[in-house]
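Per-entry structural report
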Amino acid sequence: MKVCITAQAAGLDAPVEPRFARAPFFVFIETGTGEIHSVANALCGGPGGAGPRVVQFIAEYGADVLVTGQLGENADRAIHAARIPAYATTEEKTVGEALEAFRSGTLREIS
Amino acid sequence: MKLVVASGKGGTGKTTVAANLAYALARSREVVTVDCDVEAPNLHLFFPSMAHELPARVPVPAVDPARCTLCGECGRFCRFGAISVLKTEVFFLPDLCHSCGGCRYVCPENAVRDEYRTVGSVRCARPSPSLTLIGGVLGEGEVQAPAVVRYAKRLAEGAPLIIYDAPPGIGCTVIETLKGADACLLVTESTPFGAHDLALAAEVARQLELPTGVVINRSDGDDRAIRQICRELGLPVLMTIPFDRSIATIQNRGGLISREHDGWRSRFAALFADACGLGGRA
Ligand code: SF4
Ligand code: SF4
């Protein structure tokens, strides 16, 4: 399963970024193999309407699950349509800690 | 003659000036007004009458799932996030779409066709045989204000004398209003506070090559500062409306000074003649 976590920088030690579409980085973790890819968000500083575009981007990247802080209204509509379950990190964590929290099932699903 | 009444900021009495002009001119000729302030239309309030409403529709994409290969091109193109390609479907958020047509253009499978969606309406009324009011109304939560302005303007097209009441500010809808017009009147107050907005609006009009004049509204009698600014901007002051109790009383109850005072009626007729002169027209 590929987990996408919104982050302020690349890698597992980066702090989680609570904003979804405006996150500077996405860290993709393939839980089966442990493979990690950090990708800069090209739409980070762009105009409005970034939410659905970013959803398309992470869907194309193969994300099965999203971990972030909060979703804007349009991103929320798109993530549902993409059938990518989204989970909220409740506090300031690193990407690695958020991944652990997700694995242990302590994160709340954003619905 | 197509004349825009605009102002750099709201609350300067722009609509009142447009209404007075329309009333004064409609005494002797046929006038069509177009309220382009589609987010807060109020020109019609000066002329209570029955209105017909037409839907203002825009083309939006409809994807044929039989042709679509989910290639993602349309979603990568749309900078408004209105169309996105997800794993099993193309997802469309109609209220974000600006009808640019790009998604249809970039689709390699020719899977996108136009569908029509109502984003507002246009009200048409005829309070007197020589006066037609056309007004755009943007639907709640909709983004396509310029499209509604275009729609309203199109309905007035062909009339010999059109007065457009522009939205306040200098956004896309103002530019849409100014496009294709012959001249522009900027309504300002006598305080220099609005000077910055006046200068911005004048600059937009200049870029669209619209001859522009100024109406000073609610003048306290000391207009030196604003006149100085107009001189610097090269804008002639065509009319000054004093801040005066009898005028305020008429306007506070929604009345028009050109309806209640013959003097003002001829002054507004003269204002129009001067505005025509700006554009080098008779
Ligand atoms: S018409 Fe333009 S704005 Fe609308 S969905 Fe297509 S690309 Fe996006
Ligand atoms: S560009 Fe055309 S084929 Fe590709 S996803 Fe969009 S609608 Fe489908």
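**Let's talk about the overall build of chain B**
When its secondary structure is counted, chain B shows ten helices and eleven strands. Here the C-alpha coordinates of chain B stretch approximately 70 × 40 × 35 Å along the principal axes. Taking contacts inside chain B between residues at least 6 apart in sequence as the whole, the part at least 24 apart equals 73%. Carbon and sulfur atoms provide 52% of the accessible area of chain B, an area that totals close to 13000 Å².

**Focus on the sheet that holds strand E6 (residues 112–128) of chain B**
Residues and elements named next belong to chain B. Taken in spatial order, the nine strands line up as E3-E6-E7-E2-E8-E1-E9-E10-E11 in an open sheet, and their pairing is mixed. The open sheet has two edge strands with one neighbour each: strand E3 (51–63) and strand E11 (237–242). When the angles between neighbouring strand axes are averaged without regard to direction, this sheet yields 20°. Bridge count for strand E2 (residues 31–35) against strand E8 (residues 162–165) is four bridges, and the pairing is parallel. Each residue of the ladder has a partner; that of Val-32, found in E8, is Ile-162.

**Notes on the domain arrangement of chain B**
Residue and element names in this part refer to chain B. Partitioning chain B into structural domains gives domain 1 (2–56 + 121–278) and domain 2 (58–118). The interface of domain 1 with domain 2 comprises seven residues on the first partner and eight residues on the second. Looking only at domain 1, the three residues that lose the most surface to domain 2 are Glu-142, Val-143 and Gln-144, adding up to 66% of its buried area. Applying the counting rule to domain 1 against domain 2 returns one salt bridge.

**Some words on the interface of chain B and chain A**
Contacts between the two partners involve 19 residues from chain B, matched on the other side by 16 residues from chain A. Between chain B and chain A, the buried area comes to about 1400 Å², and carbon and sulfur atoms account for 49% of it. The interface formed by chain B and chain A holds two salt bridges in total. Where Asp-95 of chain B meets Arg-77 of chain A, a salt bridge forms, and the shortest distance between an N and an O atom there is 3.5 Å. Those elements giving two or more residues to the side of chain B that touches chain A turn out to be helix H2 (73–77) and strand E4 (83–85) of chain B. Tallied by class, residues from the side of chain B that touches chain A come to nine nonpolar, five polar and five charged.

**Here's the deal with the packing of aromatic side chains**
If you walk through the whole model with that rule in mind, you get six aromatic pairs over all chains. Every member of this aromatic cluster is reached through a ring pair, and the members are Phe-20, Phe-26, Phe-28, Phe-57 and Tyr-61 of chain A. Above the face of the Tyr-164 of chain B ring, Lys-153 of chain B is positioned so that its terminal group lies 4.9 Å from the ring centre. The ring of Trp-264 of chain B carries Arg-267 of chain B above its face, with NZ or CZ at 4.3 Å from the centroid.

**Comments concerning the nonpolar core**
In this structure, Phe-20, Phe-26, Ile-58, Leu-66 and Leu-71 of chain A together with Val-34 and Leu-186 of chain B are the most contacted members of the largest nonpolar core, which totals 81 residues. Counting contributing residues, this core receives three or more from each of domain 1 (2–56 + 121–278) and domain 2 (58–118) of chain B. Leave out the neighbours within four places in its chain, and Val-34 of chain B touches Ile-134, Ala-152, Lys-153, Ala-156, Ile-162, Ile-163, Tyr-164 and Asp-165 of chain B. Residues Ile-163, Ala-183, Ile-241 and Ile-250 of chain B belong to the second largest nonpolar core, which totals 38 residues.

**Comments concerning helix H3 (residues 95–103) of chain A**
An α-helical turn contains 3.6 residues, so a residue and the one three or four places further along point in the same direction. All names here are of chain A. Of all the positions in H3, only Val-95, Gly-96, Ala-98, Leu-99, Ala-101 and Phe-102 are classed as buried. In the core, the buried residues of H3 are packed alongside strand E1 (2–7), strand E2 (25–30), strand E4 (65–68) and strand E5 (86–88). Residue Gly-105 follows H3 closely and has a positive phi angle near 80°.

**Overview of the site of ligand 1**
Neighbouring residues of ligand 1: 14 residues in total, closest Cys-78, Cys-97, Cys-100, Gly-101 and Cys-103 of chain B. Residue composition of the shell around ligand 1, grouped by class: ten nonpolar, four polar and no charged.

**As for the sheet that holds E1 of chain A**
All names here are of chain A. Spatially, the six strands line up as an open sheet ordered E3-E2-E1-E4-E5-E6, and their pairing is mixed. Each end of this open sheet is capped by a strand with a single partner; those strands are strand E3 (35–40) and strand E6 (108–109). Direction of pairing for E1 relative to E2: antiparallel, over a ladder of six bridges. Looking at E2, one finds that Thr-6 is bridged to Phe-26. This element, helix H1 (residues 50–60), spans E1, E2, E3 and E4 of the sheet and lies at about 30° to E2. Along the sheet, H3 makes contact with E1, E2, E4 and E5, crossing E1 at roughly 135°.

**Examining unusual backbone geometry**
Residue and element names in this part refer to chain B. Positive phi is not limited to glycine here, since Leu-70 has a value of about 60°. Within the fold, Leu-70 resides in the loop between E3 and H2. When its relative accessible area of 31% is taken as the criterion, Leu-70 is described as partly exposed. Notably, Ser-99 is not glycine yet its phi reads approximately 55°, a positive angle. Along the chain, the position of Ser-99 falls in the loop between strand E5 (90–92) and helix H3 (102–106).

**A look at the site of ligand 2**
Around ligand 2 sit 13 residues in total, of which Cys-68, Cys-71, Gly-72, Cys-74 and Cys-107 of chain B are the nearest. Among the residues forming the shell around ligand 2, the class breakdown is nine nonpolar, two polar and two charged.

**Concerning the pairing of strand E9 (residues 183–189) of chain B**
Residue and element names in this part refer to chain B. By the criterion of burial, E9 is predominantly enclosed, with seven of the seven residues buried. Alternating residues of E9 divide into Ala-183, Leu-185, Val-187 and Glu-189 and Cys-184, Leu-186 and Thr-188, and every residue in both groups is buried. Direction of pairing for strand E1 (residues 2–6) relative to E9: parallel, over a ladder of four bridges. Bridging from a neighbouring strand, Val-5 pairs with Leu-185 of E9. Here E9 runs beside strand E10 (residues 212–219); their pairing, made up of six bridges, is parallel. Across the sheet, the residue bridging to Cys-184 is Thr-212, located in E10. Chirality of the crossover, the property in question, places the unit of E9, helix H6 (residues 195–207) and E10 among those that are right-handed.

The rules behind the values
- Residues numbered from 1 in each chain as written.
- Chains lettered and ligands numbered in written order.
- Predicted model: local features only at pLDDT ≥ 70, side-chain atom pairs only at ≥ 80, totals over all residues.
- Heavy atoms only, no water.
- Helix = DSSP H or I, 4+ residues; strand = E, 2+ residues; numbered from the N terminus.
- Contact = heavy atoms within 4.5 Å.
- Areas by Shrake-Rupley, 256 points an atom, 1.4 Å probe, with all protein chains shown as cover.
- Pairing = 2+ DSSP bridges.
- Axes fitted to C-alpha atoms, helices over the stretch in contact; angles between N-to-C directions.
- Domains from an automatic or database assignment.
- Buried area = accessible area lost by both parts, 1.4 Å probe.
- Salt bridge = Lys/Arg side-chain N within 4 Å of Asp/Glu carboxyl O.
- Nonpolar A, V, L, I, M, F, W, Y, C, P; charged D, E, K, R; others polar.
- Phe/Tyr/Trp six-rings, centres within 6.5 Å; stacked < 30°, edge-to-face > 60°.
- Lys NZ or Arg CZ within 6 Å of the ring centre and 35° of its normal.
- Core = buried A, V, L, I, M, F, W, Y, C linked by side-chain atoms within 4.5 Å.
- Buried < 20%, exposed > 50% of the residue type's maximum accessible area, 1.4 Å probe, protein only.
- Near = heavy atom within 4 Å.
- Right-handed = clockwise from strand over helix to strand, strands pointing away.

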